Amino acid sequence: MLFPLSRRGLLVALTGALCWPLAWAQGATVAPVFPFAAPSAAMPLPPELAARAFVLQDLSSQQTLAARNADQPVEPASLTKLMTAYLAFQAVQSGKLTLTQSVPVSERAWRAGITGPSRSFLTANSRVKVDDLLRGMIVQSGNDASVVLAEAVGGTVENFVAMMNRQAQAFGLKATTFKNPDGQTAPGHRSTARELSVLALRLVTDFPQALPYYASKEFTFGGIRQPNRNLLLWRDPTVDGLKTSYTDASGYCLIATAQRVTPSGPRRLLSVVIGATSPETRANESQKLLNWGYGAFDMVKLFDANKPVTTAPVWKGQSSSVRLGRAAPVTVVVPRGQAGGLKATVARNDPLVAPLTQGQTVGTLKITLAGQPWQDVPLNTLDAVPSAGWFGRLWDAIRLGVK
């Protein structure tokens, strides 16, 4: 059932100040399976990019702003290390590893370093702190550091790769399969630009402590200084990540994220550019895409976190109604200057019958722009509603039957 919001209610919502990006608000964790809303047909056209595939995501509203060949299979190369980092930070958070803990460098890890151009120059049979390994993998893109972390977390590389693929499935990544933790070319090792953007989102939202690592311009280990290959860190002070990669098959790739202070407040974007022809080109095209995303859109906060969008009747419950909203702010981006064309209605899954758990999805906020579908936002119960006693349930059952 559709329930239009009052004109005054929507106007009040549209005049709210811009919120922090959704994924950063109150430490919210993004739901699995493609959290980004598909781009509307009313989206402005993105710039032409010299790349085989790209996608631009707005993390504040969880909208896809632009995409080309975003679901085309690609070799993820060193972008694979985003999943290795995710599992490593997960192990640190759980206490399985500590940043100051020293772990052994195996012969296998050492060989992974000497067989490719990306390495941290680790010495076989030495011991290295987890914090240095993270910096080596993230800043230097060290294949050897990646394998050491994989062995420290999974026990063996094979066990760790199985963990990587289970985590990908938990994220809803259906086109992604990992064969190793460092991204070296292997049959069946694949992903897509869109799925890599989801992985990047999960890393920076579930483990925001990772961002300072990705923002580091250089790292010195064993007396060898290596710069971060993300050229945007030197060119754009709002860029604080994320990861470069290259193989002959994939070309030059870059996942970049930036946070800029707009007239309404901070706003974060994430871009994935696949298959550029050089390090300079991947940086230039990523910058072009980010600049377009900030310049072509305005962001509007419709509702604050944990504030009701509407109140819905409840049957057979200890309460006769429940507040519907979101645990994080409800925001939307629109083409610049078009916020006045926003309208919203609530579609509920009536009848709502207790028991209802807090956070249960029971409806949708359907947002239109100038009469065209723009974005659907799930609505959740802000409170739990336990079942009523037997008499209350019986009475409401009779009323529902009559209704």
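Scoring rules and cut-offs
Residues numbered from 1 in each chain as written. Predicted model: local features only at pLDDT ≥ 70, side-chain atom pairs only at ≥ 80, totals over all residues. Heavy atoms only, no water. Helix = DSSP H or I, 4+ residues; strand = E, 2+ residues; numbered from the N terminus. Buried < 20%, exposed > 50% of the residue type's maximum accessible area, 1.4 Å probe, protein only. Areas by Shrake-Rupley, 256 points an atom, 1.4 Å probe, with all protein chains shown as cover. Patch = residues over 30% accessible without salt bridge, like charges linked within 9 Å, V, L, I, M, F, W, Y side chains within 5 Å. Salt bridge = Lys/Arg side-chain N within 4 Å of Asp/Glu carboxyl O. Pairing = 2+ DSSP bridges. Phe/Tyr/Trp six-rings, centres within 6.5 Å; stacked < 30°, edge-to-face > 60°. pLDDT = per-residue confidence, 0-100. Contact = heavy atoms within 4.5 Å. Axes fitted to C-alpha atoms, helices over the stretch in contact; angles between N-to-C directions. Parallel < 35°, antiparallel > 145°, perpendicular 65-115°, else oblique. Left-handed = near helix turned anticlockwise from the far one by under 90°. Nonpolar A, V, L, I, M, F, W, Y, C, P; charged D, E, K, R; others polar. Core = buried A, V, L, I, M, F, W, Y, C linked by side-chain atoms within 4.5 Å.

*Asks:* Please provide a residue-by-residue account of the overall build of the protein chain, values included.
*Replies:* On a plain count of helices and strands, the protein chain comes out with 11 helices and 18 strands. Sorting the 403 residues of the protein chain into buried and exposed places 55% on the buried side. Accessible surface for the protein chain amounts to roughly 17000 Å². Of this, 55% is attributable to carbon and sulfur atoms.

*Asks:* Quick one: what's the story with a nonpolar patch on the surface, residue by residue and with numbers?
*Replies:* Taken together, the side chains of Trp390, Leu394 and Ile398 make up a nonpolar region of the molecular surface, amounting to roughly 350 Å² of accessible area. With respect to the element layout, Leu394 can be found in helix H11 (residues 390-402). On the basis of relative accessibility, which here comes to 44%, the residue Leu394 falls in the partly exposed class.

*Asks:* So what about the pairing of strand E12 (residues 310-315)? Which residues, and what values?
*Replies:* As paired strands, E12 and strand E13 (residues 321-325) are joined by four bridges and run antiparallel to one another. Bridge pairing links Thr311 to Arg323 in E13. Counting the residues between successive antiparallel strands, the hairpin from E12 to E13 contains five residues, one of them, Lys316, with a positive phi of roughly 60 degrees.

*Asks:* Can you lay out the packing of aromatic side chains for me, pointing to particular residues and giving the numbers?
*Replies:* All chains considered together, the criterion is met by seven aromatic pairs. Between Tyr86 and Phe207 the ring centres are 4.9 Å apart and the planes differ by 70 degrees, which places this aromatic pair in the edge-to-face class. Of this pair, Tyr86 sits in helix H2 (residues 81-94) while Phe207 sits in the loop between helix H7 (193-206) and helix H8 (211-214); the two residues are 121 residues apart in sequence, bridging distant segments of the chain. Phe207 matches Tyr86 in its accessibility class, with the two residues each being buried. An aromatic cluster of at least three residues, connected via ring pairs, comprises Tyr86, Phe89, Phe171, Phe207 and Tyr213.

*Asks:* A description of the confidence of the model for the protein chain should follow, citing residues and the corresponding values.
*Replies:* Scored by pLDDT, the protein chain has a mean of 89; 88% of the residues are at 70 or more. Confidence drops under pLDDT 50 across residues 6-33; counting only partners more than four residues distant or on other chains, this segment forms 69 contacts.

*Asks:* Let's hear about the environment of Val105: which residues, and what values?
*Replies:* Positionally, Val105 belongs in the loop between strand E4 (102-104) and helix H3 (107-114). By relative accessible area, Val105 is classed as buried at 1%. Separated by 19 residues in the primary sequence, Val105 and Ala124 place their C-alpha atoms 5.3 Å from one another.

*Asks:* Account for the packing of H3 against helix H5 (residues 143-154), naming residues and giving values.
*Replies:* The description of two helices packed together rests on the angle between their axes and the distance between the axes. Viewed as axis vectors pointing N to C, H3 and H5 meet at an angle of 155 degrees, and their least axial separation amounts to 7 Å. Overall, the two elements H3 and H5 adopt an arrangement that is roughly antiparallel. Regarding H3 and H5, the two cross each other, and that crossing is right-handed. Counting all contacts with H3, which are made through Arg108, Ala109, Ala112 and Gly113, the residues of H5 involved are Asn143, Asp144, Val147, Val148 and Glu151. Of the residues belonging to the contact of H3 with H5, the class tally is four nonpolar, two polar and three charged.

*Asks:* Please set out the pairing of strand E11 (residues 297-303) residue by residue, giving values where relevant.
*Replies:* By the criterion of burial, E11 is predominantly enclosed, with six of the seven residues buried. Sheet analysis places E11 next to strand E14 (residues 330-335), joined by six bridges and oriented antiparallel. Each residue of the ladder has a partner; that of Lys301, found in E14, is Thr331.

*Asks:* Report on the pattern of salt bridges, specifying residues and quantitative values.
*Replies:* Counted by the stated rule, this structure contains 17 salt bridges. Across the pair Arg225 and Glu218 runs a salt bridge, and its minimum N-O distance is 2.8 Å. For Arg323, the salt bridge goes to Asp383, with nearest N and O atoms at 2.9 Å. Remark: Asp383 occurs in the loop between strand E18 (372-381) and H11 and Arg323 occurs in strand E13; sequence separation between them is 60 residues.

*Asks:* Give a description of the environment of Ile367 that names residues and reports values.
*Replies:* Mapped onto the secondary structure, Ile367 falls in strand E17 (residues 361-369). Ile367 sits in the buried class, given a relative accessible area of 2%. Each residue touching Ile367, except ones within four places of it in the same chain, is listed here: Leu302, Leu342, Lys343, Ala344, Gln372, Pro373, Trp374, Gln375, Asp376 and Val377.

*Asks:* Run through the environment of Gly341, naming residues and quoting values.
*Replies:* Here Gly341 shows up in the loop between E14 and strand E15 (342-348). For Gly341 and Thr368, which are 27 residues apart along the polypeptide, the C-alpha to C-alpha distance reads 7.9 Å.

*Asks:* Describe the nonpolar core, listing the residues and the values that go with them.
*Replies:* Generally speaking, nonpolar side chains in soluble globular proteins are found buried as a group. Counting residues in hydrophobic clusters, the biggest one holds 63 residues, and the most contacted among them are Met83, Phe89, Leu203, Ile255 and Ile274. Excluding its chain neighbours within four sequence positions, the residues that come into contact with Met83 are Met164, Gln167, Ala168, Phe171, Phe178 and Leu199. Core analysis: the second largest hydrophobic core is formed by 49 residues, Met43, Val309, Ala312 and Ile367 among them.

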